[in-house]
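# Close look at the chain arrangement
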Amino acid sequence: SSGNDFIGVDSLSQAEEEKELSDIRYDGNMDLAGVTNVNYLGNSLKLTNSLILSRNTSGRNQDVNFIDGVSTDTESQIDKYEDNRISFTTNLKGKAGTYGTYALGYNAVYYNQGVSREISTRVSLPVISNATVRAQEWLIQPFANYTGFWGKRLKYQGGIQFSHWSGNRVLAAEPRLSLEY
């Protein structure tokens, strides 16, 4: 958890930028928990499963000061952001022949995110604007990778990963190829 306070000035002559006329408070918090299970299936297979829960919240409160003794129309603005995720990963690694290895698995992430903004004034109704947007979707990523060697110094890797976003139903193939000497 963290936070920062910026105390604004009360006079236009003291401010170099408009934001210096406001008192602004930033807050942020992150929580994270996870567990991993590893199983060896014989001499050449390793199965890893992981579950991760995360939460990230942040906020910004801005109160506009009286400027040179005169009240401004906008009293405060409150912005909030929240990002909650549940992540699952399964990875099966094994040997392929004398010099090669492979990995098969998937990543699945559930996103639950939201942003909101509230603006209130001194002269109007207590709240003149309030907006909240939330999004919830899955990202599913199955993958297959192979790593091998040509000789003693040349390592090659190839594979493919698919990414599927449930919110907009986009499916993308992401091939991978690398050489290392």
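Residues numbered from 1 in each chain as written. Predicted model: local features only at pLDDT ≥ 70, side-chain atom pairs only at ≥ 80, totals over all residues. Heavy atoms only, no water.

### A word on the overall build of the chain
Along the backbone of the chain there are 0 helices and 8 strands. The burial tally for the chain puts 23% of its 181 residues in the buried class. At a minimum sequence separation of 6, the contacts of the chain that also span at least 24 residues come to 53%. As displayed, the chain offers around 12300 Å² of accessible surface, 54% of which is attributable to carbon and sulfur atoms. (Helix = DSSP H or I, 4+ residues; strand = E, 2+ residues; numbered from the N terminus. Buried < 20%, exposed > 50% of the residue type's maximum accessible area, 1.4 Å probe, protein only. Contact = heavy atoms within 4.5 Å. Areas by Shrake-Rupley, 256 points an atom, 1.4 Å probe, with all protein chains shown as cover.)

### Some thoughts on the packing of aromatic side chains
All told, the structure shown has 6 aromatic pairs when counted by the stated rule. Look at phenylalanine 6 and tyrosine 26: their rings are 5.8 Å apart centre to centre, the planes differ by 85 degrees, and that puts the pair in the edge-to-face class. On the criterion of sequence distance, the pair formed by phenylalanine 6 in strand β1 (residues 2-6) and tyrosine 26 in strand β2 (residues 22-41) is long-range, its members being 20 residues apart. According to the relative accessible area criterion, phenylalanine 6 is partly exposed, its value standing at 44%. Tyrosine 26 gets classed as partly exposed once you look at its relative accessible area, which sits at 34%. Seen from their ring centres, phenylalanine 88 and tryptophan 138 are 6.3 Å apart, and the 20 degrees between their planes marks the pair as stacked. On the criterion of sequence distance, the pair formed by phenylalanine 88 in strand β4 (residues 74-96) and tryptophan 138 in strand β6 (residues 129-150) is long-range, its members being 50 residues apart. Assessed through its relative accessible area of 31%, tryptophan 138 is described here as partly exposed. Each member of the aromatic cluster is reached from another via a ring pair, and the members are Phe88, Tyr110 and Trp138. (Phe/Tyr/Trp six-rings, centres within 6.5 Å; stacked < 30°, edge-to-face > 60°.)

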